[in-house]
Amino acid sequence: MKIKKLFINRYECGQTLIEVLVALGAAVAVLFGITIAVLSSLNNAQFTQNQNLANKYASQGMEIIRQLRDSASSGLSQYSNIFYCLGEDGKLIAKGLGCGQNVGVFVREINLDQNSSSCGGTGVLSTVLVSWSDGACTDISNPYCHQVKLISCFSNPATISAP
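If you're wondering where the values come from, they're calculated on a predicted model, not measured in any experiment. Going along each chain's sequence as written, the residues are numbered from 1 onward. The model is predicted, so local features are restricted to residues of pLDDT at least 70 and side-chain atom pairs to those at 80 or more, both for listing and for counting; the totals for chains, interfaces and linings are taken over all residues. Side-chain calculation: all heavy atoms of the structure are included, whereas hydrogens and water are not.

## Concerning the overall build of the chain
Phase 1: Strands are runs of DSSP state E lasting at least 2 residues, helices are runs of H or I lasting at least 4, and numbering of each runs from the N terminus. Helix and strand content of the chain: one helix and five strands.
Phase 2: Helices (α) and strands (β) of the chain occur, in sequence order from the N terminus, as α-β-β-β-β-β.
Phase 3: Long-range pairs, those at least 24 residues apart, make up 47% of the contacts in the chain with a sequence separation of at least 6. Throughout, a contact is declared for two residues whenever any of their heavy atoms are within 4.5 Å.

Take a look at the structure:
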C-alpha cells in the first residue's frame, strides 16, 4: 500500500508544478499588457503636451507679426515674400538653408505673402508653422513629421484710409 501512495504523490507534485507555471505565465501576460498600456498613455501625454506647446508657439508667432505690423510705420511691407525663422527672442531671420530647432525641440517658421489674393489683394497672408519630431517620425527626408500651422490675413496700416 505504501508503494501505491508514493506514485500518487509524485503525480500530484508534477501537476502542482504545471499549475504554478501556468499561473506565472498568466501573471506575466497581465503585467505585459499593463506595461504596454502605461507606455502608450505616456507617449500620448507627451504628444499632447508637444502639440499644446506648438499651438502656443504658433500663437506667439502671430502675436509677434501683429506687433511688427503695429510698431513699424510701413507695417509689414518691409518684409519680402520669403520664409523667416522666428526664434525665442522674437526676431525674424531670413530662413536660408533652414531654421533648425529654434524654440526648444520645435522649429518655428513664418511666411509673409505680401498683397495676397487670399487677403483681398492688399493684405499680408501670414503663415506660422511650428514643427517637431518624436519617435513616430520615420521619414528621413522630413524628420519633423508633426506640425501646427496658423494662417491669418493682416491689413497693412499704410493702406487703410481714415473715414
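Let us keep going from here.
## What to know about the state of the cysteines
Each disulfide consists of a covalent bond between the sulfur atoms of two cysteine residues.
Phase 1: Cysteine sulfur atoms are paired as a disulfide whenever they come within 2.5 Å of each other. Using the criterion set out here, one finds one disulfide in the structure.
Phase 2: C119 shares a disulfide with C153; S-S distance 1.9 Å. On the sign convention where negative means left-handed, the S-S torsion of about -80° between C119 and C153 marks this disulfide as left-handed. In this pair, C119 sits in the loop between β3 (106-113) and β4 (124-132) while C153 sits in strand β5 (residues 146-154), placing the two residues 34 residues apart along the sequence.
Phase 3: Given the relative accessible area of 14%, C119 is considered buried.
Phase 4: Whether a residue is buried, partly exposed or exposed follows from its accessible area with a 1.4 Å probe, protein chains only, as a fraction of its type maximum: under 20%, in between, or over 50%, in that order. On the basis of relative accessibility, which here comes to 40%, the residue C153 falls in the partly exposed class.

## Overview of the environment of K56
Phase 1: Positionally, K56 belongs in helix α1 (residues 2-71).
Phase 2: Accessibility expressed as a relative area gives 44% for K56, which makes it partly exposed.
Phase 3: Taking C-alpha positions, K56 is 9.5 Å from V130, a pair spaced 74 residues apart along the chain.

## Overview of the nonpolar core
Phase 1: We call a set of buried residues a nonpolar core when its members are Ala, Val, Leu, Ile, Met, Phe, Trp, Tyr or Cys and they connect through side-chain atoms within 4.5 Å of each other. With 22 residues, the main nonpolar core has I65, L92 and L112 as its most contacted residues.
Phase 2: When residues of this core are traced back to their parent elements, those giving at least two are α1, β1 (83-86), β3, β4 and β5.
Phase 3: Looking at this core, the element that brings in the most residues is α1, giving seven residues.

## Describing the sheet that holds β3
Phase 1: Here five strands make up an open sheet; going across it, the order is β2-β1-β3-β4-β5 and the pairing antiparallel. Looking at the sheet topology across the chains shown, the edges are occupied by β2 (92-94) and β5. Pairs of neighbouring strands in the sheet enclose a mean axial angle of 30°, with direction left out of account.
Phase 2: Pairing between two strands is assigned when DSSP locates at least 2 bridges connecting them. In terms of strand pairing, β3 meets β4 through eight bridges, oriented antiparallel. In the strand pairing of β4, E109 is matched with L129. Comment: axis = line fitted to C-alpha atoms, over the contacting stretch for helices; angle = value between 0 and 180 degrees taken between N-to-C directions.

## Section: the confidence of the model for the chain
Phase 1: Every residue gets a pLDDT, meaning the predictor's confidence in that residue, from 0 to 100. Model confidence for the chain is summarised by a mean pLDDT of 81, while 82% of its residues fall at 70 or above.
Phase 2: The weakest mean pLDDT in the chain belongs to β2 at 79; the strongest belongs to β5 at 91.

## Considerations on the pattern of salt bridges
Phase 1: A carboxyl oxygen of Asp or Glu within 4 Å of a side-chain nitrogen of Lys or Arg is what we treat as a salt bridge. According to the stated counting rule, one finds two salt bridges in the structure shown.
Phase 2: In this structure, E63 engages R66 in a salt bridge whose closest nitrogen and oxygen atoms are separated by 2.7 Å. Of this pair, E63 and R66 are both found in helix α1, three residues apart, which corresponds to roughly one turn of the helix.
Phase 3: Residue classification places E63 among the partly exposed positions, given a relative accessible area of 36%.
Phase 4: By relative accessible area, R66 is classed as partly exposed at 31%.
Phase 5: Note that D70 is salt-bridged to R69, the shortest N-O span being 2.9 Å.

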